[in-house]
Each structure stands twice: as structure tokens, then as C-alpha cells.
Amino acid sequence: MASAPTITPPKIENKKLFIAGKWQDSVSGKTFETINPATGDCICQVAEGDLADVDLAVSAARKALESKPWARLSGSARGRLIYKLADLIEANAKELAALESIDNGKPIRDSLHVDIPGTAATFRYFAGWADKIHGKVIPVNGPFFAHTRHEPIGVVGQIIPWNFPAMMLSWKWAPALAAGCTIVLKPAEQTPLSALRLAELAQEAGFPDGVINVVPGFGPTAGAAIAAHMDIDKVAFTGSTEIGKQIMKTAAETNLKRVTLELGGKSPNIVFADADVETAAKFAYHALFFNMGQCCTAGSRLLVEDSVYDQVLETISSLAGKQVIGDPFDEKTTQGPQVSQQQCDTIMGYIDAGKSEGADCVTGGNRVDRAGYFVEPTIFAGVKDDMKIAKEEIFGPVLSVIRFKDVAEAIERANNTMYGLAAAVWTRDINKANKVSAALKAGTVWVNCYNVFDAAAPFGGFKMSGVGREMGEYALANYTEVKSVITALGR
Ligand code: ADP
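The written sequence of each chain sets the order in which its residues are numbered from 1. This being a predicted model, a pLDDT of at least 70 is required before a residue's local features are given, and a value of 80 or more before pairs of side-chain atoms are given or counted; all residues contribute to the totals for chains, interfaces and linings. Water and hydrogen atoms were dropped before computing side-chain values, which therefore reflect all heavy atoms in the structure.

### Notes on the site of the ligand
Next, step 1: In the region of the ligand, 16 residues are neighbours, and I160, W162, K186, E189 and S240 sit closest.
Next, step 2: The term polar contact refers here to a pair of N or O atoms within 3.5 Å; inside protein, the definition further demands a hydrogen-donor-capable atom paired with an acceptor-capable atom, and it admits residues adjacent in sequence only when both atoms are side-chain atoms. In the model, an oxygen atom of the ligand is placed 2.8 Å from a nitrogen or oxygen of the I160 main chain.
Next, step 3: A distance of 2.8 Å is found between an oxygen atom of the ligand and a side-chain nitrogen or oxygen belonging to K186.
Next, step 4: Only the protein chains shown count as cover for residues, and all accessible areas are computed by the Shrake-Rupley method using a 1.4 Å probe. Here the ligand, which alone exposes 550 Å², has 82% of that area covered by the protein. A cutoff of 4 Å decides nearness: a residue is near a molecule or strand if any of its heavy atoms lies inside that distance of it.

This is the structure in C-alpha cells:
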């Protein structure tokens, strides 16, 4: 029976763009609908930004970058503002969680206990860095004093996806603000609501006008305008590999703006027979099915050693049967809808491909018969490396289970992908854990755990999963330029 929700779907008024500290209609006057994926209904209209609005936002960001108070603010003062924003996020956690759940469809238990606390934690971590960003004194030949300055990279364009709207925003805003940059953010067209509320909270925290600008809109228009803008110094993008490539190309063809990309994945999760197999199987289930499979780190290729293959398959199949699919605002719900009709259709296309290529659909494989974009948790066994479902990022609740015989085969097949975002290994043998984690070509390797994120730990991709790192100290390097200052002594 459904439990009475303590957080209810909010009523939301139509939304405007946030530029130069003001709420504005788009220059074209156009708006678009943001949809509740649990019902397919329109939540509200949102002003639709395009090139002209990006231009206004960039001008505001440039002005804020180069003038008081932001340009003169000390690192510690910037840090205090970021701490204040983190406090406000916590104080408004229920409201923000409700925005994430209505706009994205994620279960309220996840928005409230994972997304929003993770967002606040990222701001708090980078607030601490704001007054610790500095260069070095470097001994050089001759009567010269050389030092480096780590200056803000400038106006940054940030384009984020819809799977963790608030959290992805924090990964982008927090290091940029700590470094002293100013921001033009485009949230995903599917999920603009939390970004707009966070802009309001940033204003309440005291960020000067123009430091943060939010321009909702579509990728080929507002997103492309950010990638091509001659007065944006850096673009940070999270999304598909295909669009990431386009952004890099556009940056190269315009002003060579710096580019960081966090792209797709097809992450291998390797379970050896000497692991705590039951725990590994439970984590393997969540590694894929968390957030309806809409994670760039989703453990979508589960490689299992021969002798424990049946046991693992049985455990994950029984967990699929226990998934509580339904209204995201019901606290018992563990699986909500996919984000959109389009995403739902793409996933069903992959499920059909798995079936027609001869993989064994052990459980699921259908849409759920109700309004909204729900897909059954789907597990394919007997998956071969050359099947579409083993090669391409699905971004949905579809797990491929793959059988292997030994360590060498596991490593070889795990790395047999164009992606390299994350990987995991489960074993009780420390030597095997060390050997395999060193051999895996991925930006993050989890050993006997999965999806452990921390604002302090760098995150990003090898190969076609990305360029650059977010989070941790490494993120700051992507928001600063290094300047060498060489001063003659005694003249
Ligand atoms: P997905 O297919 O999962 O939505 P995308 O890479 O298409 O992933 O989208 C991620 C983000 O990139 C979204 O904010 C989207 O609007 C934006 N985007 C899409 N196309 C472009 C583009 N051509 N240029 C810039 N941004 C884009």
C-alpha cells in the first residue's frame, strides 16, 4: 500500500531566466514546457534562452568578473559566500528535493538523502579551498624573483545534464566560484527547476549580480551558443560523448576556450569468485539500477567469474523483483520513471536489440503499464562483447551480465570499450585487487564498493569518457590559469 507522502509535489509558477541578478523573459519571448516524467504532464513554462540571452548573460558575467565587488573579494570572503549557499541548500533541502523529484522523476528518498546532501557537501568542500588557491615561488637563474599566480580562468560556460541536476550544478559551480570565476549555466531542458531555485538561493547568500547566470534552453541553440561564444573563457560540459565532441570542435574553431568534458561510460563491474559474492551481487544491482540506470558511472557490464555466475544472477534477479516502482513522491518507491518519453523509447530500442541479438532476457524487458515513462528493471544474461547492449551506453535500467574464466580475460574484456569512466573489482585477494585496479583503464576504480563519491576525490574519464577532472583539488586546476611573474631584483 502506498504510504502517505510527507513531501508532496509542489505547485510551480512559470519560470524566467536569471541574468545579472534579475529574472528576465527570453529576448525571443519563447518558453518551453518542463514535464513531470511520472505523469507526462506539464509542470510549468520556462523561458527559453537562445543566442541573444547567452550574449546578455556573458556580458553580465564579464562585467561581474572584472568589477567590484567580486573582482576584489578575498578568497576567504568567496569561501564564506559558498558556505552560506551550502547552509541555504540544507535549510531548503525538502523543497529542493521535491523540485528534483518532480522534474527528473527520481524517488524522493534519493533526492532527499543523496542528491541534495551531496550538493551541499560539494559546495562546503570547495568553500574550504577558496582561500587556499595560490601559486609557488620558483628559484630561477639570475637576479630574478619568479612566482606563479593561479588566476580565475574567467567567464565559464557550464552545460549540465538531467540525471543529477542539482549535484551536477554543484560540481560545476563550486570549484568555479572558489577560483573566482563567473558563470553562465545552461541546465538540461528536461530539468531546469532546481538550477533556477539554486540561483535564487545564491542571490540570497550574497553572491553579487552577474556572478551566476542561469539560461535554460535547448542544446542546439542555447548550448551551442555557449560553446561558440567568443567571450567565454572555458566551457565545462557533462553529457553524451557525441555532444562533447561537438563542443570541443566548436571551441577549437572559435576562441580555443578551455574545455572540460565528463561524458559517457560503459563501466565494467568485475566479480571474482573469491569475493564476498552476496555483497558483490547486491552492490552490482544498485550499481546499475540506482537512479533508474541513468548514471554515467552505471555498472552496466557485470562481469562474473564462471563458478559464481549463477549465484550472482539469481541474487540480482530476485532484487529486481523487489524493486518498488511508482510515484517518486511515495517514500517507499525505489524506482521512478525515466526522464522523458525520448529516453524511454531509446531504452526500449536497446532492449529490443538485446533480444534480437540473442541475449537471454532473464527479467523485465517491458514498459510498465501506467502513465509516465516507466521501464521494468531488465537483466540480460549470456551477453557477448559485440552485442549492442554490451557496447553502447543505454542510460536506463538494463544490465548486461557477462561470464569470464580468469583474471587476464576479465581485464581484457573490461577494457574492451571506447569508454573509461569507472570500473569496479570485487575480490578478497589484495594482490588481485591491486593488479586489476592498476590494469583497468578508467578514471575511477572502486574496490569492493561502488558509486562511492566524495567532493575530495577527483572524477573524470579516460579515453572517450572525457577530458579533465572534476572534484577535489584537480578541479581547481581546470578553473584557473597559471601566470608566471618574473621580477628583476635590485634594479
Ligand atoms: P542526453 O542525450 O543524455 O540528453 P546530451 O549530451 O544531449 O545528453 O545533453 C547534455 C546537455 O548538453 C544538455 O544540457 C543539453 O541541452 C546539452 N546539449 C545538447 N546538444 C548540445 C549542443 N549541440 N551544444 C551544446 N550543448 C548541447
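### Some details on a nonpolar patch on the surface
Next, step 1: To count toward a patch, a residue needs a relative accessible area over 30% and no salt bridge; like charges are then connected within 9 Å, while nonpolar side chains (Val, Leu, Ile, Met, Phe, Trp, Tyr) are connected within 5 Å. Any carboxyl oxygen of Asp or Glu that lies within 4 Å of a side-chain nitrogen of Lys or Arg is treated as forming a salt bridge with it. Among the surface-exposed residues, I138, V140, F144 and I486 lie close enough to one another that they form a single nonpolar patch of about 310 Å² accessible area.
Next, step 2: Helical segments are the DSSP runs of H or I of at least four residues, strand segments are the runs of E of at least two, and each set is numbered from the N terminus. Locating I486 in the fold gives a position in strand β20 (residues 480–488).

### Some thoughts on the packing of aromatic side chains
Working definition: an aromatic ring pair is given by the centre-to-centre distance plus the angle between the planes.
Next, step 1: Centres within 6.5 Å make a pair out of two Phe, Tyr or Trp rings, where for Trp the six-membered ring is used; the pair is then stacked when the planes are under 30 degrees apart, edge-to-face when over 60, and tilted otherwise. The full count for this structure, using the stated rule, is 14 aromatic pairs.
Next, step 2: A centroid spacing of 4.7 Å and a plane angle of 50 degrees characterise the contact between F18 and W23, whose relative ring orientation is tilted.
Next, step 3: Think of it in three bands: residues with accessible area under 20% of the maximum for their type are buried, residues over 50% are exposed, and the middle band is partly exposed, with areas taken using a 1.4 Å probe on protein chains only. For W23, a relative accessible area of 35% translates into the label partly exposed.
Next, step 4: Measuring from centroid to centroid gives 5.3 Å for F283 and W426, while their planes differ by 50 degrees, and the two rings are tilted.

### Some words on the sheet that holds strand β15 (residues 378–381)
Pairing between sheet strands relies on hydrogen bonds along the backbone, with the strands arranged either parallel or antiparallel.
Next, step 1: We treat two strands as partners when DSSP finds at least two bridges between them. Strands sit in the order β14-β15-β16-β13-β12-β17-β18 across an open sheet of seven strands; the sheet is mixed. Sheet topology places β14 (360–363) and β18 (444–447) at the edges, where each strand pairs with a single neighbour. Looking at each pair of strands side by side, their axes are set apart by 20 degrees on average, direction ignored.
Next, step 2: Between two residues, a contact is recorded if the distance between any of their heavy atoms is within 4.5 Å. Only the stretch in contact is used when a helix axis is fitted, and all axes are lines through C-alpha atoms; the angle between N-to-C directions ranges over 0 to 180 degrees. Its contacts with the sheet put helix α10 (residues 309–322) on β12 (268–271), β13 (301–305), β14, β15 and β16 (398–404), and the angle it makes with β16 is roughly 170 degrees.
Next, step 3: Of the strands in this sheet, β12, β17 (422–426) and β18 touch helix α14 (residues 430–439), which is tilted by about 165 degrees from β18.

### With respect to the domain arrangement of the chain
Quite often, the size of an interface is put as the accessible area lost when its parts meet.
Next, step 1: What the domain assignment reports for the chain is domain 1 (17–263 + 465–484) and domain 2 (268–454).
Next, step 2: Summarising the inter-unit geometry, the C-alpha centres of domain 1 and domain 2 are found 30 Å apart.
Next, step 3: At the junction of domain 1 with domain 2, the criterion picks out zero salt bridges. Source of the domain bounds: an automatic or database domain assignment.

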